[in-house]
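# Summary of structural features
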Amino acid sequence: MSIEELARKNVRDLTPYQSARRLGGKGDVWLNANEFPTAVSFDLSQQTLNRYPECQPKAVIENYAQYAGLKPEQVLVSRGADEGIELLIRAFCEPGKDAILFCPPTYGMYSVSAETFGVEYRTVPALQNWQLDLQAIADKLDGVKVVYVCSPNNPTGQIINPQDFRVLLEMTRGKALVVADEAYIEFCPQATLTGWIAEYPNLVVLRTLSKAFALAGLRCGFTLASEDVIALLMKVIAPYPLSTPVADIAAQALSPLGINAMRDRVAQILEERQYLITQLRDIACVEQVFDSETNYILVRLTASSAVFKSLWDQGIILRDQNKQPSLSGCLRITIGTRDESQRVIDALRAEKV
Ligand SMILES: *Cc1c(COP(=O)(O)O)cnc(C)c1O
(Lines give C-alpha, C1' and ligand atoms only; values in the text may rest on other atoms or scores of the structure.)
Protein backbone atom coordinates (compact mmCIF):
# COMPACT_ATOMS: atom_id res chain seq x y z
CA MET A 1 0.00 0.00 0.00
CA SER A 2 1.19 3.49 -0.72
CA ILE A 3 1.50 5.92 2.15
CA GLU A 4 -1.48 7.73 0.66
CA GLU A 5 -3.56 4.55 0.81
CA LEU A 6 -2.59 3.97 4.45
CA ALA A 7 -4.28 7.21 5.48
CA ARG A 8 -7.89 7.41 6.67
CA LYS A 9 -10.32 7.91 3.80
CA ASN A 10 -11.71 11.17 5.20
CA VAL A 11 -8.16 12.51 5.49
CA ARG A 12 -7.32 11.50 1.89
CA ASP A 13 -10.46 13.33 0.76
CA LEU A 14 -9.81 16.38 2.94
CA THR A 15 -9.19 19.84 1.51
CA PRO A 16 -7.27 21.67 4.24
CA TYR A 17 -8.50 25.07 5.38
CA GLN A 18 -7.39 27.69 2.87
CA SER A 19 -5.96 30.05 5.45
CA ALA A 20 -4.76 33.47 4.38
CA ARG A 21 -1.19 32.34 5.12
CA ARG A 22 -1.50 29.19 3.02
CA LEU A 23 -2.89 31.14 0.08
CA GLY A 24 0.34 33.09 0.07
CA GLY A 25 0.89 36.21 -1.99
CA LYS A 26 3.72 38.71 -2.07
CA GLY A 27 2.40 41.87 -0.61
CA ASP A 28 3.07 44.81 1.59
CA VAL A 29 -0.60 45.48 2.37
CA TRP A 30 -2.06 42.45 4.14
CA LEU A 31 -5.80 42.81 4.53
CA ASN A 32 -6.87 39.18 4.14
CA ALA A 33 -6.82 37.65 7.63
CA ASN A 34 -8.63 40.15 9.87
CA GLU A 35 -5.50 40.70 11.91
CA PHE A 36 -4.74 43.92 13.77
CA PRO A 37 -2.41 45.92 11.50
CA THR A 38 0.39 46.69 13.97
CA ALA A 39 2.23 44.63 16.57
CA VAL A 40 1.92 45.02 20.31
CA SER A 41 5.09 44.25 22.28
CA PHE A 42 5.45 42.19 25.44
CA ASP A 43 8.23 41.15 27.80
CA LEU A 44 8.36 37.57 29.02
CA SER A 45 8.15 37.38 32.81
CA GLN A 46 8.20 33.56 33.17
CA GLN A 47 11.68 32.06 32.84
CA THR A 48 10.81 28.50 33.90
CA LEU A 49 10.96 26.78 30.54
CA ASN A 50 12.53 23.67 32.09
CA ARG A 51 9.09 22.94 33.60
CA TYR A 52 5.88 21.84 31.88
CA PRO A 53 3.24 24.57 31.84
CA GLU A 54 -0.09 24.37 33.65
CA CYS A 55 -2.83 22.78 31.51
CA GLN A 56 -5.15 25.70 32.23
CA PRO A 57 -2.91 28.55 33.45
CA LYS A 58 -4.61 30.05 36.50
CA ALA A 59 -3.79 33.70 35.75
CA VAL A 60 -5.11 33.44 32.18
CA ILE A 61 -8.33 31.71 33.25
CA GLU A 62 -8.96 34.13 36.11
CA ASN A 63 -8.30 37.20 34.01
CA TYR A 64 -10.54 35.98 31.20
CA ALA A 65 -13.34 34.99 33.61
CA GLN A 66 -13.19 38.48 35.09
CA TYR A 67 -13.20 40.08 31.63
CA ALA A 68 -16.16 37.96 30.44
CA GLY A 69 -18.14 38.21 33.70
CA LEU A 70 -18.08 34.45 34.29
CA LYS A 71 -16.72 31.99 36.86
CA PRO A 72 -13.28 30.44 36.19
CA GLU A 73 -14.99 27.02 35.94
CA GLN A 74 -16.89 28.32 32.91
CA VAL A 75 -13.73 29.17 30.96
CA LEU A 76 -11.41 26.94 28.91
CA VAL A 77 -8.27 28.26 27.21
CA SER A 78 -6.90 26.57 24.08
CA ARG A 79 -4.58 26.98 21.10
CA GLY A 80 -6.79 29.54 19.37
CA ALA A 81 -10.57 29.46 19.01
CA ASP A 82 -9.94 26.97 16.20
CA GLU A 83 -8.93 24.37 18.76
CA GLY A 84 -12.17 25.12 20.64
CA ILE A 85 -14.16 24.35 17.46
CA GLU A 86 -12.35 21.00 17.27
CA LEU A 87 -12.63 20.05 20.95
CA LEU A 88 -16.41 20.43 20.77
CA ILE A 89 -16.60 17.98 17.87
CA ARG A 90 -14.23 15.56 19.59
CA ALA A 91 -16.18 15.62 22.85
CA PHE A 92 -19.73 15.59 21.46
CA CYS A 93 -19.83 13.96 18.02
CA GLU A 94 -19.62 10.24 17.31
CA PRO A 95 -17.96 9.82 13.88
CA GLY A 96 -20.28 8.20 11.34
CA LYS A 97 -23.32 8.86 13.54
CA ASP A 98 -23.67 12.44 14.79
CA ALA A 99 -23.52 15.62 12.74
CA ILE A 100 -22.71 19.31 13.10
CA LEU A 101 -24.68 22.07 11.37
CA PHE A 102 -23.83 25.60 10.23
CA CYS A 103 -25.22 28.28 7.93
CA PRO A 104 -23.11 29.45 4.99
CA PRO A 105 -21.77 31.90 4.03
CA THR A 106 -19.69 31.65 7.20
CA TYR A 107 -16.30 30.70 8.67
CA GLY A 108 -14.56 27.81 6.91
CA MET A 109 -13.14 25.86 9.85
CA TYR A 110 -16.40 24.23 10.99
CA SER A 111 -16.51 21.97 7.93
CA VAL A 112 -12.75 21.31 7.94
CA SER A 113 -12.80 20.21 11.60
CA ALA A 114 -15.82 17.98 11.03
CA GLU A 115 -14.19 16.35 7.99
CA THR A 116 -10.95 15.77 9.89
CA PHE A 117 -12.81 13.72 12.49
CA GLY A 118 -15.06 11.92 10.02
CA VAL A 119 -18.13 13.71 11.36
CA GLU A 120 -20.93 14.66 8.97
CA TYR A 121 -21.57 18.36 8.45
CA ARG A 122 -24.90 19.71 7.36
CA THR A 123 -25.46 23.17 5.97
CA VAL A 124 -28.54 25.38 5.99
CA PRO A 125 -27.94 28.44 3.81
CA ALA A 126 -28.54 31.75 5.56
CA LEU A 127 -31.54 33.85 4.47
CA GLN A 128 -31.07 36.62 1.93
CA ASN A 129 -30.30 39.09 4.74
CA TRP A 130 -27.80 36.51 6.13
CA GLN A 131 -29.90 35.83 9.20
CA LEU A 132 -30.77 32.27 10.31
CA ASP A 133 -33.35 30.23 8.43
CA LEU A 134 -34.84 28.81 11.64
CA GLN A 135 -37.49 26.68 9.93
CA ALA A 136 -34.93 25.03 7.66
CA ILE A 137 -32.63 24.46 10.65
CA ALA A 138 -35.48 22.84 12.60
CA ASP A 139 -36.09 20.48 9.67
CA LYS A 140 -32.44 19.37 9.59
CA LEU A 141 -31.65 18.91 13.29
CA ASP A 142 -32.07 15.15 13.41
CA GLY A 143 -28.77 13.67 14.64
CA VAL A 144 -27.13 17.11 15.00
CA LYS A 145 -25.07 17.53 18.18
CA VAL A 146 -23.43 20.92 17.57
CA VAL A 147 -24.75 23.99 15.72
CA TYR A 148 -22.12 26.65 14.96
CA VAL A 149 -23.37 30.22 14.53
CA CYS A 150 -20.81 32.94 13.94
CA SER A 151 -21.93 36.31 15.34
CA PRO A 152 -20.96 38.82 14.14
CA ASN A 153 -20.60 36.60 11.10
CA ASN A 154 -17.38 36.15 9.16
CA PRO A 155 -17.31 37.20 6.30
CA THR A 156 -20.64 39.07 6.10
CA GLY A 157 -20.06 41.27 9.16
CA GLN A 158 -23.51 41.39 10.71
CA ILE A 159 -24.78 40.32 14.16
CA ILE A 160 -27.22 37.40 14.26
CA ASN A 161 -30.58 38.42 15.77
CA PRO A 162 -30.54 37.60 19.50
CA GLN A 163 -34.19 36.56 19.31
CA ASP A 164 -33.26 33.94 16.68
CA PHE A 165 -30.53 32.63 18.99
CA ARG A 166 -33.18 32.20 21.70
CA VAL A 167 -35.43 30.23 19.36
CA LEU A 168 -32.47 28.08 18.32
CA LEU A 169 -31.39 27.49 21.93
CA GLU A 170 -34.95 26.42 22.84
CA MET A 171 -35.33 24.11 19.84
CA THR A 172 -32.00 22.38 20.60
CA ARG A 173 -32.39 22.20 24.40
CA GLY A 174 -31.43 18.74 25.64
CA LYS A 175 -30.42 17.69 22.10
CA ALA A 176 -27.56 19.79 20.79
CA LEU A 177 -25.09 22.52 21.70
CA VAL A 178 -25.41 25.96 20.11
CA VAL A 179 -21.95 27.47 19.66
CA ALA A 180 -21.84 31.24 19.23
CA ASP A 181 -18.51 32.05 17.58
CA GLU A 182 -17.76 35.52 18.95
CA ALA A 183 -14.27 35.95 17.44
CA TYR A 184 -15.11 39.60 16.61
CA ILE A 185 -17.29 40.47 19.61
CA GLU A 186 -14.90 43.15 20.92
CA PHE A 187 -15.96 45.31 17.96
CA CYS A 188 -19.62 45.12 19.13
CA PRO A 189 -19.40 44.08 22.79
CA GLN A 190 -23.08 44.78 23.48
CA ALA A 191 -24.00 41.77 21.29
CA THR A 192 -22.34 39.09 23.41
CA LEU A 193 -24.37 36.09 24.57
CA THR A 194 -22.16 35.24 27.56
CA GLY A 195 -24.89 36.57 29.88
CA TRP A 196 -27.15 33.74 28.72
CA ILE A 197 -24.83 30.88 29.74
CA ALA A 198 -26.47 30.63 33.18
CA GLU A 199 -29.86 30.24 31.50
CA TYR A 200 -28.93 27.81 28.69
CA PRO A 201 -26.77 24.80 29.59
CA ASN A 202 -26.42 24.06 25.85
CA LEU A 203 -24.93 27.47 24.95
CA VAL A 204 -21.20 27.69 24.18
CA VAL A 205 -19.35 30.91 23.29
CA LEU A 206 -16.02 30.96 21.44
CA ARG A 207 -13.57 33.85 21.83
CA THR A 208 -10.05 34.63 20.67
CA LEU A 209 -7.08 36.92 21.28
CA SER A 210 -6.37 36.90 17.51
CA LYS A 211 -8.48 39.86 16.42
CA ALA A 212 -9.13 42.85 18.73
CA PHE A 213 -6.34 41.78 21.10
CA ALA A 214 -3.86 41.92 18.18
CA LEU A 215 -2.36 38.52 19.03
CA ALA A 216 -3.06 36.24 16.07
CA GLY A 217 0.51 34.92 16.25
CA LEU A 218 0.09 33.93 19.89
CA ARG A 219 -2.54 31.25 19.16
CA CYS A 220 -4.80 31.68 22.15
CA GLY A 221 -8.58 31.31 22.32
CA PHE A 222 -11.34 30.62 24.82
CA THR A 223 -14.43 28.46 25.15
CA LEU A 224 -17.07 29.78 27.54
CA ALA A 225 -19.90 27.53 28.71
CA SER A 226 -21.57 25.84 31.66
CA GLU A 227 -19.24 23.97 34.00
CA ASP A 228 -20.55 20.66 32.65
CA VAL A 229 -19.51 21.45 29.07
CA ILE A 230 -16.09 22.72 30.19
CA ALA A 231 -15.50 19.58 32.29
CA LEU A 232 -16.12 17.40 29.21
CA LEU A 233 -13.79 19.45 27.03
CA MET A 234 -11.11 19.16 29.71
CA LYS A 235 -11.17 15.40 29.16
CA VAL A 236 -10.19 15.66 25.49
CA ILE A 237 -7.84 18.68 25.50
CA ALA A 238 -4.08 18.07 25.23
CA PRO A 239 -2.25 17.93 28.58
CA TYR A 240 -0.27 21.12 27.77
CA PRO A 241 -2.23 23.07 25.17
CA LEU A 242 -0.45 26.39 25.84
CA SER A 243 3.27 26.95 26.13
CA THR A 244 4.58 28.95 29.09
CA PRO A 245 5.41 32.08 26.97
CA VAL A 246 1.91 32.03 25.46
CA ALA A 247 0.27 31.86 28.88
CA ASP A 248 2.58 34.59 30.14
CA ILE A 249 1.67 36.99 27.33
CA ALA A 250 -2.04 36.10 27.40
CA ALA A 251 -2.22 36.91 31.11
CA GLN A 252 -0.64 40.32 30.43
CA ALA A 253 -2.99 41.03 27.51
CA LEU A 254 -5.94 40.29 29.79
CA SER A 255 -4.79 42.50 32.66
CA PRO A 256 -6.79 45.73 33.23
CA LEU A 257 -4.07 47.64 31.32
CA GLY A 258 -4.15 45.14 28.46
CA ILE A 259 -7.92 45.35 28.20
CA ASN A 260 -7.82 49.15 28.13
CA ALA A 261 -5.26 49.02 25.33
CA MET A 262 -7.53 46.61 23.43
CA ARG A 263 -10.45 49.03 23.77
CA ASP A 264 -8.30 51.86 22.38
CA ARG A 265 -7.40 49.68 19.39
CA VAL A 266 -11.06 48.88 18.80
CA ALA A 267 -11.92 52.59 18.80
CA GLN A 268 -9.15 53.21 16.27
CA ILE A 269 -10.40 50.43 13.99
CA LEU A 270 -14.02 51.62 14.17
CA GLU A 271 -12.93 55.10 13.13
CA GLU A 272 -10.89 53.71 10.25
CA ARG A 273 -13.77 51.48 9.18
CA GLN A 274 -16.02 54.51 8.85
CA TYR A 275 -13.42 56.26 6.70
CA LEU A 276 -12.94 53.26 4.42
CA ILE A 277 -16.70 52.67 4.00
CA THR A 278 -17.31 56.32 3.09
CA GLN A 279 -14.51 56.29 0.53
CA LEU A 280 -15.47 52.92 -0.99
CA ARG A 281 -19.07 54.01 -1.58
CA ASP A 282 -17.70 56.62 -3.92
CA ILE A 283 -15.70 54.34 -6.24
CA ALA A 284 -16.92 53.25 -9.68
CA CYS A 285 -16.13 49.52 -9.52
CA VAL A 286 -17.73 49.20 -6.06
CA GLU A 287 -21.34 48.05 -6.37
CA GLN A 288 -22.16 47.50 -2.73
CA VAL A 289 -20.54 48.01 0.67
CA PHE A 290 -22.21 45.95 3.38
CA ASP A 291 -22.63 47.23 6.93
CA SER A 292 -20.14 45.76 9.36
CA GLU A 293 -19.95 45.30 13.13
CA THR A 294 -16.38 43.96 12.84
CA ASN A 295 -12.83 44.81 11.76
CA TYR A 296 -13.48 43.91 8.10
CA ILE A 297 -15.97 44.87 5.44
CA LEU A 298 -17.55 42.86 2.69
CA VAL A 299 -17.73 44.61 -0.66
CA ARG A 300 -19.39 43.61 -3.94
CA LEU A 301 -17.44 44.71 -7.01
CA THR A 302 -17.83 44.76 -10.75
CA ALA A 303 -15.43 42.15 -12.21
CA SER A 304 -14.31 41.22 -8.70
CA SER A 305 -11.94 38.43 -9.74
CA ALA A 306 -10.02 40.73 -12.06
CA VAL A 307 -9.92 43.45 -9.40
CA PHE A 308 -8.74 40.94 -6.79
CA LYS A 309 -5.93 39.80 -9.11
CA SER A 310 -4.99 43.35 -10.05
CA LEU A 311 -4.66 44.42 -6.40
CA TRP A 312 -2.81 41.16 -5.59
CA ASP A 313 -0.27 42.01 -8.30
CA GLN A 314 0.16 45.43 -6.70
CA GLY A 315 0.94 43.78 -3.33
CA ILE A 316 -2.49 44.49 -1.84
CA ILE A 317 -3.80 41.18 -0.56
CA LEU A 318 -7.56 40.96 0.09
CA ARG A 319 -9.73 37.90 0.69
CA ASP A 320 -11.80 36.57 -2.20
CA GLN A 321 -15.25 35.43 -1.00
CA ASN A 322 -16.62 34.92 -4.51
CA LYS A 323 -16.92 31.12 -4.06
CA GLN A 324 -19.15 31.25 -0.99
CA PRO A 325 -22.90 30.84 -1.49
CA SER A 326 -24.64 34.21 -2.10
CA LEU A 327 -21.31 36.06 -2.21
CA SER A 328 -20.59 36.18 -5.93
CA GLY A 329 -18.50 39.24 -6.73
CA CYS A 330 -17.61 39.80 -3.07
CA LEU A 331 -14.23 40.53 -1.52
CA ARG A 332 -13.52 40.92 2.18
CA ILE A 333 -11.24 43.76 3.26
CA THR A 334 -9.67 43.85 6.72
CA ILE A 335 -9.52 47.29 8.33
CA GLY A 336 -5.85 48.25 8.55
CA THR A 337 -3.97 51.50 9.06
CA ARG A 338 -4.89 54.75 7.28
CA ASP A 339 -1.99 54.18 4.86
CA GLU A 340 -3.32 50.74 4.03
CA SER A 341 -6.87 52.05 3.50
CA GLN A 342 -5.45 54.69 1.19
CA ARG A 343 -3.57 52.10 -0.86
CA VAL A 344 -6.78 50.12 -1.33
CA ILE A 345 -8.81 53.21 -2.20
CA ASP A 346 -6.28 54.48 -4.73
CA ALA A 347 -5.93 51.06 -6.35
CA LEU A 348 -9.69 50.58 -6.64
CA ARG A 349 -10.13 54.09 -8.05
CA ALA A 350 -7.63 53.22 -10.78
CA GLU A 351 -9.65 50.15 -11.85
CA LYS A 352 -11.49 50.61 -15.16
CA VAL A 353 -15.16 49.64 -15.07
C1 LIG B 1 -10.27 34.21 13.28
C2 LIG B 1 -11.45 33.37 13.60
C3 LIG B 1 -11.37 32.27 14.46
C4 LIG B 1 -10.06 31.68 14.88
O5 LIG B 1 -9.47 32.27 15.88
P6 LIG B 1 -8.06 31.72 16.40
O7 LIG B 1 -8.17 32.01 17.86
O8 LIG B 1 -7.03 32.53 15.72
O9 LIG B 1 -7.98 30.26 16.13
C10 LIG B 1 -12.53 31.60 14.81
N11 LIG B 1 -13.71 31.97 14.30
C12 LIG B 1 -13.81 32.99 13.44
C13 LIG B 1 -15.14 33.36 12.92
C14 LIG B 1 -12.69 33.71 13.05
O15 LIG B 1 -12.80 34.68 12.16
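The structure we're discussing is the one just above.
For the structure given in this document, a descriptive report is provided here. (Residues numbered from 1 in each chain as written. Predicted model: local features only at pLDDT ≥ 70, side-chain atom pairs only at ≥ 80, totals over all residues. Heavy atoms only, no water.)

### Topic: the overall build of the protein
Looking only at helices and strands, one finds 13 helices and 13 strands in the protein. Considering only C-alpha atoms, the protein reaches an extent of 55 × 55 × 50 Å along its principal axes. The burial tally for the protein puts 52% of its 353 residues in the buried class. Of the roughly 16200 Å² that the protein leaves accessible, carbon and sulfur atoms contribute 52%. Charge centroids of the protein, computed over 35 positive and 41 negative side chains, lie 3 Å from each other. (Helix = DSSP H or I, 4+ residues; strand = E, 2+ residues; numbered from the N terminus. Buried < 20%, exposed > 50% of the residue type's maximum accessible area, 1.4 Å probe, protein only. Areas by Shrake-Rupley, 256 points an atom, 1.4 Å probe, with all protein chains shown as cover. Lys, Arg positive; Asp, Glu negative; His and termini not counted. Charge placed at Lys NZ, Arg CZ, Asp CG, Glu CD.)

### So, the nonpolar core
Among the nonpolar cores identified, the biggest contains 82 residues, and Phe 222 and Leu 280 are the most heavily contacted of them. In terms of residue count, helix H11 (residues 256-280) provides more of this core than any other element does, seven residues in total. Non-local contacts of Leu 280, meaning those with residues more than four positions away in its chain, are made with Val 286, Val 289, Ile 297, Val 299, Ile 333 and Leu 348. Of all hydrophobic cores here, the second largest spans 27 residues; its members include Ile 89, Leu 206, Ile 230 and Ile 237. (Core = buried A, V, L, I, M, F, W, Y, C linked by side-chain atoms within 4.5 Å. Contact = heavy atoms within 4.5 Å.)

### A few points about the site of the ligand
As a structural note, the neighbourhood of the ligand is formed by 13 residues, with Ala 81, Tyr 184, Thr 208, Ser 210 and Lys 211 the closest of them. Contact between the ligand and Ala 81: an oxygen atom at 2.6 Å from a main-chain N or O atom of the residue. The fraction of the free accessible surface of the ligand (390 Å²) that becomes covered by protein chains is 94%. Tallying contributions element by element places helix H5 (residues 80-92) first for the shell around the ligand, with three residues. (Near = heavy atom within 4 Å. Polar contact = N/O pair within 3.5 Å; in protein donor to acceptor, adjacent residues only side chain to side chain.)

### Notes on the packing of H5 against helix H6 (residues 109-116)
The geometry of H5 relative to H6 is characterised by a closest axis approach of 10 Å and an angle of 45 degrees between their N-to-C directions. Regarding the angle of H5 to H6, the classification is oblique. In this structure, H5 meets H6 at a crossing whose hand is right-handed. Residue-level contacts link Asp 82, Ile 85, Glu 86 and Ile 89 of H5 to Met 109, Tyr 110, Ser 113 and Ala 114 of H6. In terms of residue class, the contact of H5 with H6 is built from five nonpolar, one polar and two charged. (Axes fitted to C-alpha atoms, helices over the stretch in contact; angles between N-to-C directions. Parallel < 35°, antiparallel > 145°, perpendicular 65-115°, else oblique. Left-handed = near helix turned anticlockwise from the far one by under 90°. Nonpolar A, V, L, I, M, F, W, Y, C, P; charged D, E, K, R; others polar.)

### What about the pattern of salt bridges?
All chains considered together, the criterion is met by 15 salt bridges. Residue Arg 90 pairs with Glu 86 through a salt bridge whose shortest N-O separation is 3.8 Å. Taken as a pair, Arg 90 and Glu 86 lie in helix H5 at a separation of four residues, close to a single helical turn. The class of Arg 90 is partly exposed, set by a relative accessible area of 35%. Where Lys 309 meets Asp 313, a salt bridge forms, and the shortest distance between an N and an O atom there is 2.9 Å. Of this pair, Lys 309 and Asp 313 both sit in helix H12 (residues 304-313), four residues apart, which is roughly one turn of that helix. (Salt bridge = Lys/Arg side-chain N within 4 Å of Asp/Glu carboxyl O.)

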